[in-house]
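Here is what each chain is made of, one letter per residue.
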Amino acid sequence: MDRLNAIIDSVNAFAWGPPMLGILGVTGLLLTLGLVFMPWRKVGYGFRLLFDKSGAAGEGEVKPFNALMTALSATVGTGNIAGVATAIALGGPGAIFYMWLIALFGMATKYAEAVCAVTYREVDRNGHHVGGPMYYLRNGVGEFAPELGKWLGLAFAVFGAVAAFGIGNAVQVNSMATALVDSFGVPTWVTGVVVAALVAVVVIGGIQRIGEVAGKLVPAMIVLYIGAALLIIIINITSVPAAIALIFTHAFTPAAAAGGFAGAAVAAAVRFGVARGVFSNESGLGSAAIAHAAAQTNSPVRQGVIAMLGTFIDTIVVCTMTALVILTSGAWTLTGADGGGLTGVVLTSAGFESTVTGGRYIVTVALAVFAFTTILGWSYYGERCWQFLFSENSLMIYRGLWVLAALTFANVKVAFVWNLSDTLNGLMAVPNLIGLLLLAPMVFKVTREYFDKAENR
């Protein structure tokens, strides 16, 4: 087992290391340039489309809004609460600048993923629209390189089906159980039973029920979490300019040690800012495209514009709120019981608690709900990868295993499972990025045609 863990660690160093993060950034940059910065220019248009029912008359299973909420349910989670804190603890305040940067270019990546997903989606035997990287790799790349498309699609489906159990299930339910027992004394087995029961009720209903639940739960929790964060930021409003100055200053100069913070070089700010940003919004991993493939839409471009909002909301909005709470409260310089600085969810909790009494309970509840919605979103991602590998007739087997995993991992933290799933989650980006670069000309073409037509109306 030790030898196997060592092998996985070496692969993980590539999957989440500087080379892969650099490739993710370059891909986002190339797509942004090819789209002539459309994702930045059309953010307002994207929000208008969210509530425009005229484009939701096309084929598909869920409303465009619910497709975005399903994708957000899988991305807004521990990365927004614990991941931001980890980035600051290891990379200093400057890490937030690089989270913003990778998110801005990641918007183009997320847009391209959704355009490809809707363009190359299929209808299965049950009449459901299915799609995502495995389909646009096989059907899109396969148009001019059949063998390459086939093997890239299979690779993504294998990585996704297995990684989902770890990153989308075990990590989430275990984090939730730990937080609830620490804050409220809820036994881990109770969390496991309740979560497994709720997950079973939702996932057995498929994407339509997942979309309906996500469409109500995700916006409510994002608003509540941002509202609580805004309250703390307003209380600490005089510290906001200094906090923003820290972010920009230490993006280009080393952050000196302060209190419990040990200091960080610029390289650390870049590394951890980019890594936590990608982990949080998942741009380039291809997972969100699976949800957007099921959207009721008459245009791949319309759904792509809606999809890119996921990265904007996740990182530019939610992660920024968490970062400002941590920085304006001064929690990032506090010292823990071990004499070192705070990190992860403990640091975020300290930021809320130091300003508002009982603030750590806000973080616990937010973490629990975000983790639950992540389990729902990733259940759909995993089962679509499973369906691609096997058939739709075997989906109940996958759903049963999914519920069992939620029950099991609430009580047991298996480091090997976490390590393996984290590695496979990162490896999902490899076939996906190859496909996006090969299909980029198609994405640029349909985008130009769509907006040229819109401007000539």
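For the structure itself, look to the data block above.
Conventions we followed
- Residues numbered from 1 in each chain as written.
- Predicted model: local features only at pLDDT ≥ 70, side-chain atom pairs only at ≥ 80, totals over all residues.
- Heavy atoms only, no water.
- Helix = DSSP H or I, 4+ residues; strand = E, 2+ residues; numbered from the N terminus.
- Rg over C-alpha atoms; globule rule 2.2 N^0.38 Å.
- Contact = heavy atoms within 4.5 Å.
- Areas by Shrake-Rupley, 256 points an atom, 1.4 Å probe, with all protein chains shown as cover.
- Lys, Arg positive; Asp, Glu negative; His and termini not counted.
- Charge placed at Lys NZ, Arg CZ, Asp CG, Glu CD.
- 1 Å grid on protein atoms, 1.4 Å probe; cavity = no way out; pocket = protein on both sides within 12 Å on 5 of 7 lines; lining within 4 Å.
- Points joined across faces, edges and corners; volume = space filled by probe spheres on them.
- Nonpolar A, V, L, I, M, F, W, Y, C, P; charged D, E, K, R; others polar.
- Core = buried A, V, L, I, M, F, W, Y, C linked by side-chain atoms within 4.5 Å.
- Buried < 20%, exposed > 50% of the residue type's maximum accessible area, 1.4 Å probe, protein only.
- Axes fitted to C-alpha atoms, helices over the stretch in contact; angles between N-to-C directions.
- Left-handed = near helix turned anticlockwise from the far one by under 90°.
- Patch = residues over 30% accessible without salt bridge, like charges linked within 9 Å, V, L, I, M, F, W, Y side chains within 5 Å.
- Salt bridge = Lys/Arg side-chain N within 4 Å of Asp/Glu carboxyl O.

S.K.: I keep staring at the overall build of the chain and nothing clicks. Help me out?
M.R.: If you tally the helices and strands in the chain, you get 20 helices and two strands. Taken over C-alpha atoms, the radius of gyration comes to 21 Å for the chain, in line with the 23 Å a tight globule of 457 residues would show. Considering only contacts within the chain whose residues lie at least 6 apart along the sequence, 84% involve residues at least 24 apart. About 17,100 Å² of surface is accessible on the chain, with carbon and sulfur atoms providing 68% of the total. With 24 positive and 22 negative side-chain charges, the chain shows a spacing of 5 Å between the two charge centroids.

S.K.: Explain empty space enclosed by the protein here, please?
M.R.: By rolling a water-sized probe across the atoms, one finds the places where empty space is left. Considering all chains together, one arrives at three cavities of 30 Å³ or more under this definition. Each pocket or cavity is described by its volume, and for the largest cavity that value is around 110 Å³. Along its surface, the largest cavity is lined by 13 residues, and A74, T75, Q172, F279 and E282 are the ones closest to its centre. The set of elements that each furnish at least two residues to the lining of the largest cavity consists of helix 5 (64-75), helix 6 (78-91), helix 9 (146-184), helix 13 (266-281) and helix 17 (359-389). Class assignment of the residues belonging to the lining of the largest cavity gives a composition of four nonpolar, eight polar and one charged. Its volume calculated, the second largest cavity comes out at about 60 Å³. Taken together, L24, G28, I102, F105, G106, T109, V278, N281 and S283 form the lining of the second largest cavity. Contributions of two or more residues to the lining of the second largest cavity are made by helix 2 (18-34), helix 7 (95-119) and helix 13. Take the lining of the second largest cavity: its biggest share by element is four residues, from helix 7. Tallied by class, the residues present in the lining of the second largest cavity amount to four nonpolar, five polar and no charged.

S.K.: Just to check I follow, could you spell out the nonpolar core for this structure?
M.R.: Side chains of nonpolar character tend, in soluble globular proteins, to be buried together. Membership of the largest hydrophobic core comes to 157 residues, with the highest contact counts inside it found for Y111, Y136, V199, I222, V305 and Y381. With residues near it in sequence (within four places) discarded, I222 still touches L72, V76, I313, V318 and F370.

S.K.: Explain the packing of helix 11 (residues 206-235) against helix 15 (residues 300-329) to me, please; I cannot follow it from the model alone.
M.R.: Contact pair helix 11 / helix 15: the axes reach a minimum separation of 9 Å and the direction vectors enclose 35°. Along this stretch, helix 11 crosses helix 15, giving a crossing that reads as left-handed. Here helix 11 contributes I222, Y225, I226, A229, L230, I232 and I233 to the contact with helix 15, which in turn contributes I313, V317, V318, M321, T322, L324 and V325. A class-by-class count of the residues in the contact of helix 11 with helix 15 yields 13 nonpolar, one polar and no charged.

S.K.: Got a minute to help me understand unusual backbone geometry in this structure?
M.R.: Residues apart from glycine generally show negative phi values, whereas peptide bonds are mostly found in trans. With phi around 60°, F37 is a residue other than glycine that occupies positive phi space. Even without glycine at this site, E282 takes up a positive phi of about 60°. Its place among the elements puts E282 in the loop between helix 13 and helix 14 (287-292). Owing to a relative accessible area of 6%, E282 belongs among the buried residues under this scheme.

S.K.: I would appreciate a short explanation of the side chain of S280 in the present structure.
M.R.: Counting through the fold element by element, S280 comes out in helix 13. On the basis of relative accessible area, S280 is assigned to the buried category, the value being 1%. Sequence-distant contacts of S280, that is, excluding residues within four places in its chain, are made with T75, G79, N80, D314, T315 and C319.

S.K.: What's the story with a nonpolar patch on the surface in this structure? I'm lost.
M.R.: The grouping of W189, V193, I397, L401, L404 and L407 at the surface amounts to a nonpolar patch, some 570 Å² of accessible area in total. Going through the elements one at a time, helix 10 (188-203) and helix 18 (395-409) are the ones with two or more residues in the nonpolar patch. Counting through the fold element by element, V193 comes out in helix 10. By relative accessible area, which is 42% here, V193 ends up partly exposed.

S.K.: In this structure, what is going on with the pattern of salt bridges? I would like to understand it.
M.R.: Should their charged atoms come close, side chains of opposite charge can pair. Tallied over the full model, the rule gives four salt bridges. Notably, a salt bridge pairs R138 with E122, separated by 2.7 Å at the nearest N-O pair. One end of the pair, R138, is in helix 8 (residues 133-139); the other, E122, is in strand 1 (residues 122-123), and 16 residues separate them in sequence. In this structure E122 comes out as partly exposed when scored by relative accessible area, which is 28%. Residue R384 pairs with E383 through a salt bridge whose shortest N-O separation is 3.6 Å. What emerges from the salt-bridge pattern is a single network uniting E383, R384 and R399.

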